[in-house]
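Take a look at the letters that make up each chain.
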Amino acid sequence: MRDTLRSYGALMGIGFRAAPWHATWQLLTGIVTAVSLPVAALGIKIIVDASLSDDLNGALYAALLLGGTCAAALASVFYYVHCLFTVRERAGAHATRELMDLVGGTHGLAHHENPDYLDQVQRIRQEQDQLSGMVNATAGIVRVGATLGVTAVLLVAIDPRLLFLPLLALPSLWLGKVRRDVRKRADEATSESERLRRHLFELGTAPEYGAELRVFGLTEVLGDRHRKVAAEVTARRSRADWQAAGLSVIDAVISALGYIGAIALVLMLAVRQEATPGDVVLVVGLAAQMSSTVGTAVGYGTHFLQVLTVGQRFTWLRRYAADERRALRALAAARDASAAGPPAVPGRLREGIELRDVHFGYTGGGQTREVLRGVSCLLPPGSVVALVGDNGAGKSTLVKLLCGFYRPGSGSVLVDGVELSAFDPAEWRDRCAGAFQDYARLEFTVRENVGVGDLPRIEDHAAVGAALERGGGSGVVADLPDGLGTRLGGRWPDGVELSGGQWQKLALARGLMRQAPLLCVFDEPTAALDAHTEHALFERFAAAARENRDIGGITVLVSHRFSTVSMADMIVVLDDGRVTETGTHRELMARGGTYAELYGLQSRGYR
Ligand SMILES: Nc1ncnc2c1ncn2[C@@H]1O[C@H](COP(=O)(O)OP(=O)(O)OP(=O)(O)O)[C@@H](O)[C@H]1O
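In this text the structure is predicted, and so the values were computed from the model without any measurement.

K.L.:
In this structure, what is going on with the overall build of the protein? I would like to understand it.
P.N.:
Looking only at helices and strands, the protein has 21 helices and ten strands in total. A globule of 607 residues ought to have a C-alpha radius of gyration of about 25 Å, yet the protein, at 34 Å, is considerably larger. When its C-alpha atoms are laid out on the principal axes, the protein stretches across 115 × 65 × 50 Å. Scored against the burial criterion, the 607 residues of the protein give a buried share of 43%. Put simply, of all contacts in the protein between residues at least 6 apart along the chain, 75% involve residues at least 24 apart.

K.L.:
Even after reading the chapter, I still don't get the sheet that holds strand E7 (residues 519-523), so can you show me in this structure?
P.N.:
For sheets, the rule is that strands pair by backbone hydrogen bonds, running either parallel or antiparallel. Spatially, E6-E7-E8-E3-E9-E10 is the arrangement adopted by the six strands of the open sheet, whose pairing is mixed. Both outer strands of the open sheet, strand E6 (432-435) and strand E10 (578-583), are each paired with one neighbouring strand and no more. With strand direction ignored, the average angle separating the axes of adjacent strands in the sheet is 20 degrees. For strand E9 (residues 570-575) and E10, the ladder comprises five bridges, and the chain directions are antiparallel. Along E10, the bridge assignment pairs leucine 574 with valine 579. Sheet strands touched by helix H12 (residues 395-403): strand E3 (384-389), E7, strand E8 (554-558) and E9. Its angle to E7, the strand with the most contacts, is close to 155 degrees. Its contacts with the sheet place helix H17 (residues 500-511) against E6 and E7, and it is angled at close to 170 degrees to E6.

K.L.:
Would you mind going over helix H10 (residues 219-271) with me for this structure?
P.N.:
Residues spaced three or four apart along an α-helix point in a common direction, a consequence of the helix completing one turn every 3.6 residues. For H10, which comprises 53 residues, the first-to-last C-alpha distance of 75 Å matches the rise-based estimate of 78 Å (1.5 Å per residue) to within 8%. Following H10 by one or two positions, glutamine 273 adopts a phi angle in the positive range, close to 65 degrees.

K.L.:
Would you explain the side chain of threonine 445 in this entry?
P.N.:
Its location among the elements puts threonine 445 in the loop between E6 and helix H14 (446-451). In contact with threonine 445, other than residues within four places in its own chain, are Leu484, Gly485, Thr486 and Arg487.

K.L.:
What am I meant to see in the UniProt feature "transmembrane region" (unreviewed entry) in the protein here?
P.N.:
UniProt records the feature "transmembrane region" (unreviewed entry) for residues 27-48, 60-81, 133-156 and 244-271 in the present numbering. The straight-line gap between the two end C-alpha atoms of residues 60-81 is 32 Å; of that span, 100% is helix and 0% is strand. Split by type, residues 133-156 is 96% helix and 0% strand. Its first and last C-alpha atoms lie 34 Å apart.

K.L.:
Quick question: what am I supposed to make of the nonpolar core here?
P.N.:
The nonpolar side chains of a soluble globular protein tend to be buried, and buried together. Counting 36 residues, the largest nonpolar core has Ile353, Leu379, Trp428, Leu519 and Val556 as the members making the most contacts within it. Of all the secondary-structure elements, those providing two or more residues to this core are strand E1 (353-364), strand E2 (367-379), E3, H12, strand E4 (410-415), E7, E8 and E9. For this core, the element with the highest residue contribution is H12, accounting for five residues. Not counting residues up to four positions away in its chain, the partners in contact with tryptophan 428 are Val345, Ile353, Leu402, Cys403, Gly404, Val415, Leu420, Leu518 and Leu519. Ranked by size, the runner-up nonpolar core spans 25 residues in total, among them Ala95, Phe304, Val307 and Ala321.

K.L.:
Explain helix H8 (residues 191-205) here, please?
P.N.:
The terminal C-alpha atoms of H8, which comprises 15 residues, lie 21 Å apart, in line with the 21 Å expected from a rise of 1.5 Å per residue. Every buried residue of H8 is accounted for by Ser193, Glu194 and Leu200. Each buried residue of H8 sits inside an arc of 120 degrees when the element is viewed along its axis, so together they form one side. Facing away from the buried side of H8 by more than 90 degrees, the exposed set consists of Glu192, Arg195 and Arg198. Elements in contact with the buried residues of H8: H10.

K.L.:
What exactly am I supposed to notice about the domain arrangement of the protein here?
P.N.:
Interface size is commonly expressed as the accessible surface area that is lost when the partners come together. Along its sequence, the protein is organised into domain 1 (2-327), domain 2 (353-431 + 517-606) and domain 3 (446-513). A C-alpha centroid distance of 27 Å is found between domain 2 and domain 3. Counting residues at the interface gives twelve residues for domain 2 and eleven residues for domain 3. Here domain 2 and domain 3 share an interface that buries about 790 Å² over both sides, 69% of which is from carbon and sulfur atoms. The interface formed by domain 2 and domain 3 contains zero salt bridges. Our count for the contact surface shared by domain 2 and domain 3 stands at zero residue pairs in polar contact (both at pLDDT 80 or more). When contributions to the side of domain 2 that touches domain 3 are tallied by element, the ones reaching two or more residues are E7 and helix H18 (531-547). Class assignment for the residues of the side of domain 2 that touches domain 3 results in eight nonpolar, two polar and two charged.

Thresholds applied
Residues numbered from 1 in each chain as written. Predicted model: local features only at pLDDT ≥ 70, side-chain atom pairs only at ≥ 80, totals over all residues. Heavy atoms only, no water. Helix = DSSP H or I, 4+ residues; strand = E, 2+ residues; numbered from the N terminus. Rg over C-alpha atoms; globule rule 2.2 N^0.38 Å. Buried < 20%, exposed > 50% of the residue type's maximum accessible area, 1.4 Å probe, protein only. Contact = heavy atoms within 4.5 Å. Pairing = 2+ DSSP bridges. Axes fitted to C-alpha atoms, helices over the stretch in contact; angles between N-to-C directions. Expected span 1.5 Å × (residues − 1). UniProt positions renumbered as here; feature names shortened; annotations may be inferred. Core = buried A, V, L, I, M, F, W, Y, C linked by side-chain atoms within 4.5 Å. Arc of directions from axis to C-beta. Domains from an automatic or database assignment. Buried area = accessible area lost by both parts, 1.4 Å probe. Salt bridge = Lys/Arg side-chain N within 4 Å of Asp/Glu carboxyl O. Polar contact = N/O pair within 3.5 Å; in protein donor to acceptor, adjacent residues only side chain to side chain. Nonpolar A, V, L, I, M, F, W, Y, C, P; charged D, E, K, R; others polar.

Pasting the structure below:
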């Protein structure tokens, strides 16, 4: 219950922080709109009774009441709708911004491997529109409550037995919930098939898979599978729709019986002179309003529960991020409390980076699978180190540990003898640079795309130009209509789409923006480039790294092309999470081990 209240408070907080006045006015004008309907029915009753008893003044006052109520209702409806859209829009922007901060602001990458985290984030991303809907859902429920409340008072004033009419909202609400559950069960039962249906559609229509589908003649197979899965989904969901329709009929019958019962009761009272003709008109009017009020209540109730479910995920994510921040603060406090204070990241590396018996595993499905099994090696200062090994040997994982994205399960990563985890993570990150396999295609201008690699110098055209030159991307820019100012990405009217290799060259340039990094990693960022271009680029990186020797910066290259890595000062061969060989190309060739064997195989393949 506390969690539910907290989620509710969080979503209302978003609405009220984003648009405080509009949110308040939405609630207030909602009440005015809601009350105006039964009050208008009351006005009609007074007019009828006053006219029948020749009370001209009473009829006129009632007419004024009616006119005033209608005017207030009309004005408040307009303002209500204006407030609704404003709150939704501003709260939506506020919520998505917070969502980006919560997901992107989490320090490491480990949470991206946590299945619970991934599941929650995926669902919130799908349902993020709902995050802005709590003020609206609340305003709707308040409206319904106000209408039912005033209606109940008016009916009780005629005869307390008429109270059963608003109470009939309860079975309607219950049936509405049952209908929602029926549909939800059908959605859940078909969610996997639905995901498959979407995946098949995506495969069949995405341009990037077009060539492969045609070569393998898969278009028809995919179409058949899609039809079959879609038929399954539709059959299950239409069964649920029929059940829901049956429940709606029961609901309608109960409402109709209530309507008839209320009119019969008031007519009986009128015959016995216990109710006026105006009372009959009032009950008929209120009973007619009742069915739409109950329908609205069911709609808003459902909406409220849906928004609340997303809100619970959102507060889960907030808590997760807060726990992570707390853990980081505790770490920082521990660093601060140590006698020497928190160590500063060195200006230059003197001893290098040492991996000492590093173990690391990914956790998923309640199990941890060890990927690095006791890795030990020293990356000397000022060196270019190449990491090689089969697919899945653990190269990328090692690179991420060096960047501080993950912490070893056991063992140490020491930077000049100091535990990497002892540094302020942001400070260490500022001294790292490079490019990764999964580089981002930032659809900004070329200057921004590259310049974000060193935010303080994003406007520095010369720095961006130099990084492009080093990353082999100058030729890409030369062909673009507005040079560095060209907008990238095919989905924009003035955007230019690039090839995979061209995007990759920009990602490389981005990774080369920072000045004097202590650690520069290139984790297969050249897979889309041909072997010669990769070789030339890596030679350039290595030359730049050697120029940077005075600060002891270490460059780590990961590649499957042995001809490319042969120029490194040190080659580390990883096999199934263990270092099996280290040395220069010459030393490893002389040893005649795995490296020599794979190098030989590859060079024969190229011949
Ligand atoms: N995020 C992850 N969650 C779970 N397991 C992972 C994750 N990333 C990698 N692994 C597993 O860890 C092992 C090492 O992966 P890693 O990406 O480090 O290898 P790699 O040597 O870089 O491979 P490749 O040359 O194919 O890029 C693999 O078995 C992989 O399946």
